[in-house]
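Fold and contact review
As a plain string of letters, each chain reads:
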Amino acid sequence: MYTLKPSFSKTLFLKSPHLRSSFKPRFFPSTGKHLSFSITCKLKTSKDGKSSKGLAKKIVLSEGAPAVSDDGAGNGEAQPKPSNKGVGAGGGGFGGSVKRFPRKVLSVLSNLPLAIGEMFSVAALMALGTAIDQGEAPNFYFQKFPEDNPVLGFFTWRWVLTLGFDHMFSSPIFLGMLTLLATSLMACTYTTQIPLVKVARRWNFLHSAKDIRKQEFSESLPKASVQDLGVVLMGAGYEVFLKGPSLYAFKGLAGRFAPIGVHLAMLLIMVGGTLSATGSFRGSVTVPQGLNFVLVDVLSPSGFLSTPTKAFDTEVHVNTFYMDYYDSGEVLQFHTDLSLFDLDGKELIRKTISVNDPLRFDGITIYQTDWSFSALQILRDGEGPFNLAMAPLKINGDKKLFGTFLPVGDSNSPNVKGISMLARDLQSIVLYDKEGKFAGVRRPNSKLPIDIDGTRIVIEDAIGSTGLELKTDPGVPIVYAGFGALMLTTCISYLSHTQIWALQDGTTVVIGGKTNRAKLEFPDEMNQLLDHVPEVVELSSPSKQSDAISG
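Residues numbered from 1 in each chain as written. Predicted model: local features only at pLDDT ≥ 70, side-chain atom pairs only at ≥ 80, totals over all residues. Heavy atoms only, no water.

Quick word on the environment of Asn204
Here is the rule we go by: Helix and strand definitions follow DSSP, with helices as H or I runs of at least four residues and strands as E runs of at least two, each counted in order from the N terminus. Partly exposed describes any residue whose relative accessible area lies between the buried limit of under 20% and the exposed limit of over 50%, with all areas from a 1.4 Å probe on protein chains only and scaled to the type maximum. Whether two residues are in contact is decided by their heavy atoms: any pair within 4.5 Å suffices.
Turning to its location among the elements, Asn204 is positioned in the loop between α5 (172–201) and α6 (209–213). For Asn204, a relative accessible area of 40% gives the class partly exposed. Taking the C-alpha atoms as reference points, Asn204 and Phe241, 37 residues apart in sequence, are found 9.6 Å from one another. Each residue touching Asn204, except ones within four places of it in the same chain, is listed here: Tyr248 and Trp501.

Structure, rendered in structure tokens:
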């Protein structure tokens, strides 16, 4: 004969007008001592409902406690256990694998060694792009990286042209590596930094003196009040929260947000750099003084995101070009007076540019980068003026040499002879006779004639050419904003996030705290704060209280 002694576990009673239950205990003899209950619940919908259905549920009561909810709210609600049946179930099978797949991918992408490897790969590609000349014609790479003499024994022009190293910063391999690095940064932010901030923002009270003493710093203040401690902490810049005998305080929460800001700043820099590499226009031109050119004829797209604007139809006129010189005669600076006109011939803007002082108009920047000697204007025996084109003869760094030739006699003769004119800049012209002997030096606009081999020559003017570099770069503002945010958030990240807990245990206050930075200075800072907490004096009798007041 079996004796059944049922024992009931703790029960959570739900009061609801929509639930009606019938409780029917049934006892079954068996070799083990178990007690089973069958509870039938019927759900009654409200009067406004369109239909009413009875739902039968079987609730198994056990001695085990329900799982705590993940939100940490402590509301006592148990989370329903997902079913493992069916393809779409979250517990197992194909459906469960599909749901777990994004978390696995995020876990892999947010791996720190992977992110470090990606950063080193990007840095290596950037260094390679600096070492290899960018944007040159294929013949340049054929000669510099020949197959019969490969660099390092294997690197030839095929590597450069096949992998796009001739335009490294817009090549698929470089952009792909940047995209992978950006994905890793976003995954790290989502899986690590944002949860840390959420945890740091919670008001986490500790109600046990034992837990408080486990912190990095702990101390006990006899005859003290937790309220007085809160006042001292508020004066030190802490945010203080009190709940009964418990205290929680923190400061430097911005330091927890800083890593997220650093990641966003790096993403801005990468987005701006990618936009610069794939969405900009570039071009260069050498224009003689007095001539025009149209922007659209000079600017060339750098990538698949490059889109021209209406400003590309603007015409640029070179009004004047002139140079400044040192006392030694070397070139100091060169200037170009530019005017921009629309299609109707209306002048939009005019500015004299120089090196490091460009002209900016509607997203287009025109830089002064170089100069040249275009033509020499002369009078010959009182006739003219004639423009003699100047050709570069020698270019060695900043040392330039230009020359031209004026035939004397029969120009159709196979052995034509004439007067040679050489110039290093626009200041002076050196003349030689038809035998190659030095004849003299004349300055442009000096109006001083010179007779050579029966020909009188007057140097009227030296016409220079300006070398201009033009570009549109929509990524520059984004890159600047990213670097500014990176510097700011890097400084903020050095702020210490400090947390302090305290508990009033009788007349003693138990204090504990921790910080993520400046760990060596933290105990000294805490001791200085605790020294300012006043001692609570208890008066045992009214006579002592009156004596204390009179004293």
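Considering the layout of surface pockets
Our working definition: Only protein atoms enter the 1 Å grid, on which a cavity is a set of points fitting a 1.4 Å probe that cannot get out and a pocket is an open set with protein on both sides within 12 Å along at least 5 of 7 lines, lining residues being those with an atom within 4 Å of a point. Grid points are joined across faces, edges and corners, and a volume is the space filled by probe spheres set on the points.
Put simply, the second largest pocket is a space of about 700 Å³. Lining the second largest pocket are 27 residues, and of these Met126, Phe169, Phe174, Gly273 and Thr274 lie nearest its centre. Residue assignment for the lining of the second largest pocket shows that the elements contributing at least two residues are α2 (112–131), α5, α8 (254–279), β6 (281–288), β8 (300–301) and α10 (476–492). No other element matches α8, which puts 7 residues into the lining of the second largest pocket.

Describing the nonpolar core
Stated precisely, the cut-off is as follows: Take the buried residues of types Ala, Val, Leu, Ile, Met, Phe, Trp, Tyr and Cys, join any two whose side-chain atoms come within 4.5 Å, and each joined set is a nonpolar core.
Core analysis: the biggest nonpolar cluster contains 23 residues, and Phe373, Leu376, Ile378, Ile419, Met421, Ile429 and Ile457 have the highest contact counts within it. The set of elements that each furnish at least two residues to this core consists of β9 (315–325), β13 (364–380), β16 (399–408), β17 (417–423), β18 (429–432), β20 (450–452) and β21 (455–472). Counting residues per element, this core draws most heavily on β13, which supplies 4 residues. Residue contacts for Leu376: discarding those within four places in its chain leaves Phe386, Asn387, Leu388, Met390, Thr404, Met421, Ile429, Ile459, Asp461 and Ala462.

Some points on the sheet that holds strand β22 (residues 498–505)
Condition: For two strands to be treated as a pair, DSSP must find at least two bridges joining them. The angle between two axes is taken between their N-to-C directions and runs from 0 to 180 degrees, where each axis is a line fitted to C-alpha atoms and a helix contributes only its stretch in contact.
Strand order across the open sheet formed by 5 strands is β3-β23-β22-β5-β4, with antiparallel pairing between neighbours. The sheet is open, and its two borders are formed by β3 (217–221) and β4 (239–243), each paired with just one other strand. Neighbour-to-neighbour, the strand axes of the sheet open up by a mean angle of 15°, direction not taken into account. Bridge analysis of β22 against strand β23 (residues 508–515) gives 8 bridges, and the strand direction is antiparallel. Of the residues in β23, the one forming a bridge with Gln504 is Val509. Sheet contacts for helix α7 (residues 226–235): β4, β5 (246–251), β22 and β23; angle to β4, the most-contacted strand, approximately 165°.

Details of the packing of α2 against α5
Pairs of packed helices are described in terms of their axes, by the angle between the two and the distance that separates them. The test is simple: Here roughly perpendicular refers to angles of 65 to 115 degrees, roughly parallel to angles under 35, roughly antiparallel to angles over 145, and oblique to all remaining angles. Left-handed describes a crossing in which the near helix is turned anticlockwise from the far one by less than a right angle; the clockwise case is right-handed. Residues are grouped as follows: Ala, Val, Leu, Ile, Met, Phe, Trp, Tyr, Cys and Pro are nonpolar; Asp, Glu, Lys and Arg are charged; every other residue, Gly included, is polar.
Closest axis-to-axis distance for the α2/α5 pair is 10 Å, and the angle between their directions is 150°. Put simply, α2 runs roughly antiparallel to α5. The handedness of the crossing between α2 and α5 comes out as left-handed. Of the residues in α5, those in contact with Leu114, Ala115, Glu118, Met119, Ser121, Val122, Leu125 and Met126 of α2 are Ile173, Phe174, Met177, Leu178, Leu180, Leu181 and Ser184. Here the contact of α2 with α5 is built from residues that sort into 12 nonpolar, 2 polar and 1 charged.

Topic: the packing of aromatic side chains
Threshold: Aromatic pairing here means that ring centres of Phe, Tyr or Trp (its six-membered ring) are within 6.5 Å. Orientation follows from the plane angle: under 30 degrees is stacked, over 60 is edge-to-face, and everything else is tilted. A positively charged side chain is recorded as over a ring if its NZ (Lys) or CZ (Arg) lies within 6 Å of the ring centre. The angle to the ring normal must also be within 35 degrees.
The full count for this structure, using the stated rule, is 16 aromatic pairs. Between the aromatic rings of Phe155 and Trp159, the centroid separation amounts to 6.3 Å while the plane-to-plane angle is 25°, which identifies the pairing as stacked. Given a relative accessible area of 37%, Trp159 falls into the partly exposed group. Aromatic pair Tyr432 and Phe438: ring centres 6.1 Å apart, planes at 75°, arrangement edge-to-face. Site record: aromatic cluster; members linked through ring pairs are Phe145, Phe154, Phe155 and Trp159. Lying over the aromatic face of Trp371, Lys400 brings its terminal NZ or CZ to 4.7 Å of the ring centre. Against the face of Tyr494 rests Arg517, its NZ or CZ located 5.7 Å from the ring centre.

Description of the pairing of strand β19 (residues 438–442)
Looking at chain direction, β18 and β19 are connected through 4 bridges and run antiparallel. In the sheet register, Val430 faces β19, and the bridge partner there is Val441.

Side note on α5
Worth spelling out the cut-off: In this scheme, a helix's expected span is set at 1.5 Å multiplied by one less than its residue total. What is called the bend at a residue is the angle between a pair of axes, fitted to the seven residues leading up to and ending at it and to the seven starting from it.
In this model α5 runs 42 Å from its N-terminal to its C-terminal C-alpha over 30 residues, within 8% of the 44 Å that 1.5 Å per residue would give. The largest bend in α5 is about 40°, located at Thr189.

Describing the sheet that holds strand β7 (residues 292–294)
The sheet built from 4 strands is open, its strands ordered β7-β9-β10-β11 with antiparallel pairing. Edge positions in the sheet fall to β7 and β11 (347–354), since each has one partner strand and no second. Sheet twist, expressed as the mean angle between neighbouring strand axes with direction ignored, is 25°. For β7 and β9, the ladder comprises 3 bridges, and the chain directions are antiparallel. Of the residues in β9, the one forming a bridge with Asn292 is His317.

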